[in-house]
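# Architecture at a glance
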Amino acid sequence: MPAHVFSLSEKTLMEVHQSHGPTLFSHNRNYLMRAYPSALRVSSSNLDPSVFWRKGVQMVALNWQKWDAGMMLNEGMFAGEGGWVLKPKGYRSINQQRGNAAISHESQAHAIAHKTLDLVIEIYAGQAIPLPIGDESVKGFHPYVKCELHVEKPEERTGAPIEKRGKSKDGEHKRRTKKKQGIEPDFGGEWLEWVGIPYVVEQLSFLRFETPINFFQMPSFMQRTVMIHHRHQPGSCFLRKLRPGVASGSATNMSGPLHC
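Residues numbered from 1 in each chain as written. Predicted model: local features only at pLDDT ≥ 70, side-chain atom pairs only at ≥ 80, totals over all residues. Heavy atoms only, no water.

### Focus: the pattern of salt bridges
Under the criterion given, the structure shown has ten salt bridges. A salt bridge links E156 to R54; the nearest nitrogen and oxygen atoms lie 2.8 Å apart. Taken together, the residues E156 in helix α4 (residues 154–158) and R54 in the loop between α2 (49–53) and β3 (59–60) connect sequence positions 102 residues apart. Of the residues examined, R54 reaches a relative accessible area of 1% and is grouped as buried. Between R157 and E152 there is a salt bridge whose closest N-O contact spans 3.3 Å. The exposure class assigned to E152 is buried, which follows from its relative accessible area of 5%. (Salt bridge = Lys/Arg side-chain N within 4 Å of Asp/Glu carboxyl O. Helix = DSSP H or I, 4+ residues; strand = E, 2+ residues; numbered from the N terminus. Buried < 20%, exposed > 50% of the residue type's maximum accessible area, 1.4 Å probe, protein only.)

### Topic: the nonpolar core
Counting residues in hydrophobic clusters, the biggest one holds 23 residues, and the most contacted among them are L13, F52, W53, V57, V60, Y91 and L204. Counting only elements with at least two residues in this core, the list comes to α1 (10–30), β2 (32–36), α2 and α3 (69–78). Examining the composition of this core, we find that four residues originate from one element, α1, more than from any other. Counting residues in each nonpolar core, the second largest holds 15 residues, with L119, L149, F187 and I197 among its members. (Core = buried A, V, L, I, M, F, W, Y, C linked by side-chain atoms within 4.5 Å.)

### Focus on the pairing of strand β5 (residues 146–150)
With five of its five residues buried, β5 lies for the most part within the structure. Across the two faces of β5 the burial is the same, with K146, E148 and H150 and C147 and L149 all buried. Alignment of β5 against strand β6 (residues 173–176), held across four bridges, turns out to be antiparallel. In the strand pairing of β6, L149 is matched with H173. (Pairing = 2+ DSSP bridges.)

### As for the packing of aromatic side chains
Evaluated as defined, the whole model comprises three aromatic pairs. Ring centres 5.7 Å apart and planes at 80° place the aromatic pair W53 and F78 in the edge-to-face group. Pair noted here: W53 is in helix α2 and F78 is in helix α3, with a separation of 25 residues, a long-range link. Among the residues examined, W53 registers a relative accessible area of 6% and is labelled buried. Looking at F78, the relative accessible area reads 24%, which means it is partly exposed. Ring geometry for W53 versus F206: centroids 5.9 Å apart, planes at 50°, classification tilted. You can see W53 sitting in helix α2 and its partner F206 sitting in strand β8 (residues 206–212), a full 153 residues away along the chain. (Phe/Tyr/Trp six-rings, centres within 6.5 Å; stacked < 30°, edge-to-face > 60°.)

This is the structure we're talking about:
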């Protein structure tokens with residue numbers, strides 16, 4: 001068992017990332033670390049847990065009273081897993097012998113093979129999407145589906161400052177369907193496509209679905225986050241933990257080549 005647990009704020013962890021990134025990653029291969037939100041988050045917003053998971057941090061505390069992108073990524077990682085998920089191989093201890101954990105200075109950029117992701121999602125239709133509160137006009141309702149990829153950023157590999165210092169935010173790679181009319185929209189098999197997304201570690205990459213259902217007041221969403229996983233067949237992947245009936249569109253044809 002690891003001999004200690006370091007508990008660091010998100011701000012401190014981002015500072016260590018910039019000053020001693022490889023050492024931080026190497027430490028977390030062999031010992032436990034916990035990250036927690038800044039005390040200045042008076043609105044109970046969340047950090048982006050995937051940034052810290054990719055640093056090897058095992059435990060990322062979140063403000064559960066706020067259902068935002070950070071909480072959705074956490075759901076995508078741990079739903080149905082019994083409380084824990086095994087790290088990718090390159091993120092684990094390099095010496096399993098008790099009391100003899102080796103410390104290296106290998107960074108997260110070199111610990112595991114990164115891949116290039118090509119992904120196509122085909123959106124067919126939605127069923128019984130709820131109207132915005134107070135709205136009774138089906139004809140005036142125009143839903144759409146937005147998808148966001150949450151993947152490793154270049155700054156995470158180089159030790160450069162990470163935009164918004166790990167704060168939870170929208171994915172860098174966004175796609176959305178055209179708007180359709182009514183509560184049972186037919187998207188006609190519209191494709192959402194990503195080509196050549198570099199430096200992907202599929203176990204630590206996520207796809208977030210959103211369907212806005214209120215456009216003129218405070219936005220409300222039907223949302224779901226899933227994890228991207230490599231299939232056993234060479235050159236393909238799949239989206240894990242997609243719950244039918246939660247997103248507004250049925251997603252199919254979700255496998256895409258992963259080129260090393």
